[in-house]
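# Results of the structural survey
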Amino acid sequence: MGGEEIEYVKEVFASNWIAPLGPCVDGFEQDLATYTGKNYAAALSAGTAAIHLALIILGIKQGDEVICSSFTFSGTVNPVVYQGAVPVFIDSEPETWNMDPVKLEEAIKAGIKKGKMPKAILLVHLYGMPAKLNEITEIAEKYNIPIIEDAAEALGSKYNGKPLGSFGIMSILSFNGNKIITTSGGGALLSDNEEFIKKARFLATQARDNAPHYQHSQIGYNYRMSNVVAAIGRGQMKVLNKRVERKREINAYYYSKIGNLPGISFLEEPSGAYSNHWLTCITVNPELSNGVTREKIRLALEEQNIESRPLWKPMHLQPVFEKYPYFGNGVAEKLFENGLCLPSGTAMNNEDIDRIIEIIKGVYNNN
Ligand SMILES: *Cc1c(COP(=O)(O)O)cnc(C)c1O
């Protein structure tokens, strides 16, 4: 927490406006819309809920195909399956680790060939790094397929100066505990289309028709954010830019100290990209690293009670999703094999990072 969250929460308690909804929800939605440059936002219980509502609002149903980044967290894809739709997984390109535009177009053409135009593109900006938006939006426009932007990990990042979360017909954010800002749990749906956001708010509150009694003509969901949770979010927005700044410092610090170790590569910003560097990620190429591997580094850190993690395991390799179509060249697979997320918490100081760096250098020296 940054400090001001408690003041907002106190106000909520003082007014006894705990739930449902309330002024902090309205304020937080306004904060998010302003920050991302979208006209409207709906504060929800989770990023996953936001994706689910986006799919419903686009009319995605049983048997429809939705193109998804394979290299992501399962929260991106689960809602596609909630709808009975079919995720079509696209591999990463090596530069940003996000959806490969070449494979994307290949998948669209394959869909058209069998008479099944994909209904949406669910595009992720993994670890805060912007995907190749120029290429991907061009393809999406060419085939007239809407993009749902999964910016769960990318609040505070920019592409050609424009905030991520502003590129999709609808975009989603997450405020889960591990994200760059958190409300303990929560998410948001963003759009310039007022009808979409009105519809999201309606569906997220059990789809109650406008009547004095409880009247329902559609299936609804309990996906709204409470006023207490939104109060935390309002406080967190005050420190978002500071968090991004510190994440970027942490990334630069690691890079300056271990960037030249043999076989180690960082996920680096191509021109036009500005990443929040949510997590600092490296890959270790075992052919160049004198026998050092990702796993040796991870285990050496673990021995010192320091948690690091392999990169996301691609969705097309997950037992629950492996039956779905996949278009790729094995790029995400390789990243999963050789990649590591280093400790990236903004509460770390440089001495903490020095400890991690010494352990990594130790793996090289003792190998
Ligand atoms: C965290 C995350 C989600 C899901 O957000 P929740 O708020 O945890 O439901 C979706 N996509 C990506 C890429 C994420 O990292």
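Just so you know, these numbers come straight off a predicted model, no measurement behind them.

## Brief notes about the site of the ligand
Surveying the vicinity of the ligand reveals 14 residues, the closest of which are Thr48, Asp150, Glu153, Ser174 and Lys179. Within the side chain of glutamate 153, an N or O atom sits 2.5 Å from an oxygen atom of the ligand. Here the ligand, which alone exposes 380 Å², has 94% of that area covered by the protein. Class assignment for the residues of the shell around the ligand results in four nonpolar, seven polar and three charged.

## Focus on the nonpolar core
Among the nonpolar cores identified, the biggest contains 63 residues, and Leu32, Ile67, Ile121, Tyr127 and Phe175 are the most heavily contacted of them. With six residues, helix H8 (residues 227–237) is the single largest residue contributor to this core. Isoleucine 67 has contacts with Val88, Ile90, Met99, Leu104, Ala107, Ile108, Pro118, Ala120, Ile121 and Leu122, leaving out every residue within four places of it along the chain. Counting residues in hydrophobic clusters, the runner-up holds 36 residues, among them Ile51, Cys68, Phe196 and Leu203.

## Section: the packing of aromatic side chains
One pass over the full model with this rule turns up eleven aromatic pairs. Taken together, a centroid distance of 6.4 Å and an interplanar angle of 70° make the contact between phenylalanine 71 and tyrosine 127 edge-to-face. Of the two residues, phenylalanine 71 is situated in the loop between strand S2 (65–69) and helix H4 (78–82) and tyrosine 127 in the loop between strand S4 (120–124) and helix H6 (133–143); the sequence distance between them amounts to 56 residues. Each member of the pair, phenylalanine 71 as well as tyrosine 127, is classed as buried.

## As for the pattern of salt bridges
Enumeration over the complete set of coordinates arrives at 20 salt bridges. A salt bridge links arginine 201 to glutamate 29, with the nearest nitrogen and oxygen atoms 3.0 Å apart. Of this pair, arginine 201 sits in helix H7 (residues 194–204) while glutamate 29 sits in helix H2 (residues 23–36), and the two are 172 residues apart along the sequence. For arginine 201, a relative accessible area of 27% corresponds to the partly exposed category. Classification of glutamate 29 by relative accessible area gives buried; the value is 6%.

## Observations concerning helix H12 (residues 350–366)
The end-to-end C-alpha distance of H12, which contains 17 residues, comes to 24 Å, matching closely the 24 Å that a straight helix rising 1.5 Å per residue would cover. Those residues of H12 not exposed but buried are Ile353, Ile356, Ile357, Ile359, Ile360, Gly362, Val363 and Tyr364. Of the surrounding secondary structure, the elements contacted by the buried residues of H12 are helix H9 (240–258), strand S10 (264–266), strand S12 (280–284), helix H10 (294–303) and strand S15 (339–342). Where H12 begins, one side-chain oxygen reaches toward the backbone nitrogen of glutamate 351, 3.1 Å away; that side chain belongs to asparagine 349.

Cut-offs and rules
- Residues numbered from 1 in each chain as written.
- Predicted model: local features only at pLDDT ≥ 70, side-chain atom pairs only at ≥ 80, totals over all residues.
- Heavy atoms only, no water.
- Near = heavy atom within 4 Å.
- Polar contact = N/O pair within 3.5 Å; in protein donor to acceptor, adjacent residues only side chain to side chain.
- Areas by Shrake-Rupley, 256 points an atom, 1.4 Å probe, with all protein chains shown as cover.
- Nonpolar A, V, L, I, M, F, W, Y, C, P; charged D, E, K, R; others polar.
- Core = buried A, V, L, I, M, F, W, Y, C linked by side-chain atoms within 4.5 Å.
- Buried < 20%, exposed > 50% of the residue type's maximum accessible area, 1.4 Å probe, protein only.
- Helix = DSSP H or I, 4+ residues; strand = E, 2+ residues; numbered from the N terminus.
- Contact = heavy atoms within 4.5 Å.
- Phe/Tyr/Trp six-rings, centres within 6.5 Å; stacked < 30°, edge-to-face > 60°.
- Salt bridge = Lys/Arg side-chain N within 4 Å of Asp/Glu carboxyl O.
- Expected span 1.5 Å × (residues − 1).

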